[in-house]
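Structural features, examined
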Amino acid sequence: MEFARPAAGAPRYTVVGSPVGELLLTADAEGALTGLFMLPDAKYVPEIGADWHRDAGPFGEVEQQLEGYFAGELRDFDVVLAPRGTEFQRSVWRELTRIPYGVTTSYGAVAAELGSPTASRAVGAANGRNPISIVVPCHRVVAGNGALTGYAGGLGKKEMLLGLERRGAGVG
């Protein structure tokens with residue numbers, strides 16, 4: 001998956017409900033999704049600036065797809081994504097979109113896929129800064145021993161998302 005470059009201009013946002021709590025959705029001036037943050041306790045949630053516009057308009061498609069995902073009916077999202085980050089972070093986030101629904105992998109495996117098998121810590125840091133949770137499935141990355149580690153939305157929410165996907169995929 002390729003990501004769009006975030007368009008210049010005032011960001012747009014809305015807040016929607018979900019089974020994991022309220023979600024802050026952000027988009028660039030052209031409507032590409034730039035963020036999906038789990039409120040109220042998620043790390044790295046951007047502060048809504050005075051120039052931001054609360055506008056649910058750009059989010060209809062992603063809201064519909066999120067409803068399908070939480071209902072266990074949607075496995076792959078199809079929305080325009082424009083996450084802000086370094087080239088390395090964006091390469092990690094692109095790799096995350098390749099992890100199949102209902103499957104987990106390790107930080108080391110993601111690093112190896114990127115051609116940098118010793119970069120698991122850097123992958124972990126980039127994974128933790130993923131601004132588009134759920135859609136870019138950082139929750140599918142676990143420790144090498146299979147343990148759930150770090151999740152900006154909280155480990156309970158990570159566990160909930162993985163459980164939803166296991167049930168939807170007919171696993172465990």
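Below: a short report on this structure. (Residues numbered from 1 in each chain as written. Predicted model: local features only at pLDDT ≥ 70, side-chain atom pairs only at ≥ 80, totals over all residues. Heavy atoms only, no water.)

1. Concerning the sheet that holds strand 2 (residues 23-27)
- Spatially, the 4 strands line up as an open sheet ordered 3-2-1-4, and their pairing is mixed. The strands lining the two open edges of the sheet, one partner per strand, are strand 3 (33-38) and strand 4 (53-54).
- The sheet contacts of helix 1 (residues 60-70) involve strand 1 (12-16), strand 2 and strand 3, and relative to strand 2 the element is tilted by about 140°. (Pairing = 2+ DSSP bridges. Helix = DSSP H or I, 4+ residues; strand = E, 2+ residues; numbered from the N terminus. Contact = heavy atoms within 4.5 Å. Axes fitted to C-alpha atoms, helices over the stretch in contact; angles between N-to-C directions.)

2. Topic: the pattern of salt bridges
- Considering all chains together, one arrives at 4 salt bridges under this definition.
- Residue arginine 12 pairs with aspartate 55 through a salt bridge whose shortest N-O separation is 3.7 Å. With arginine 12 in strand 1 and aspartate 55 in the loop between strand 4 and helix 1, the pair connects residues that are 43 residues apart, well separated along the chain.
- A residue is classified by how much of its surface remains accessible, and arginine 12, at 23% relative accessible area, is partly exposed.
- In this structure aspartate 55 comes out as partly exposed when scored by relative accessible area, which is 29%.
- Between arginine 140 and glutamate 165 there is a salt bridge, and its shortest N-O distance comes to 2.8 Å. Placement of the pair is arginine 140 in the loop between helix 4 (120-128) and strand 6 (141-142) and glutamate 165 in helix 5 (residues 155-169), with a sequence separation of 25 residues. Each member of the pair, arginine 140 as well as glutamate 165, carries the same accessibility label: buried. (Salt bridge = Lys/Arg side-chain N within 4 Å of Asp/Glu carboxyl O. Buried < 20%, exposed > 50% of the residue type's maximum accessible area, 1.4 Å probe, protein only.)

3. Some words on the packing of aromatic side chains
- One pass over the full model with this rule turns up 4 aromatic pairs.
- An angle of 75° between the planes, with centres 5.3 Å apart, marks the rings of tyrosine 69 and phenylalanine 70 as edge-to-face.
- Judged by relative accessible area, which is 15%, phenylalanine 70 ranks as buried.
- With a centroid separation of 6.2 Å and 85° between ring planes, the pair formed by tyrosine 69 and tyrosine 101 is classed as edge-to-face. You can see tyrosine 69 sitting in helix 1 and its partner tyrosine 101 sitting in the loop between helix 2 (87-96) and strand 5 (105-106), a full 32 residues away along the chain. Side by side, tyrosine 69 and tyrosine 101 carry an identical accessibility label, which is buried.
- One cation-aromatic arrangement involves arginine 129 over tyrosine 44; the distance from NZ or CZ to the ring centre is 3.8 Å. (Phe/Tyr/Trp six-rings, centres within 6.5 Å; stacked < 30°, edge-to-face > 60°. Lys NZ or Arg CZ within 6 Å of the ring centre and 35° of its normal.)

Bear in mind that shape data such as this cannot, by itself, settle questions of function.
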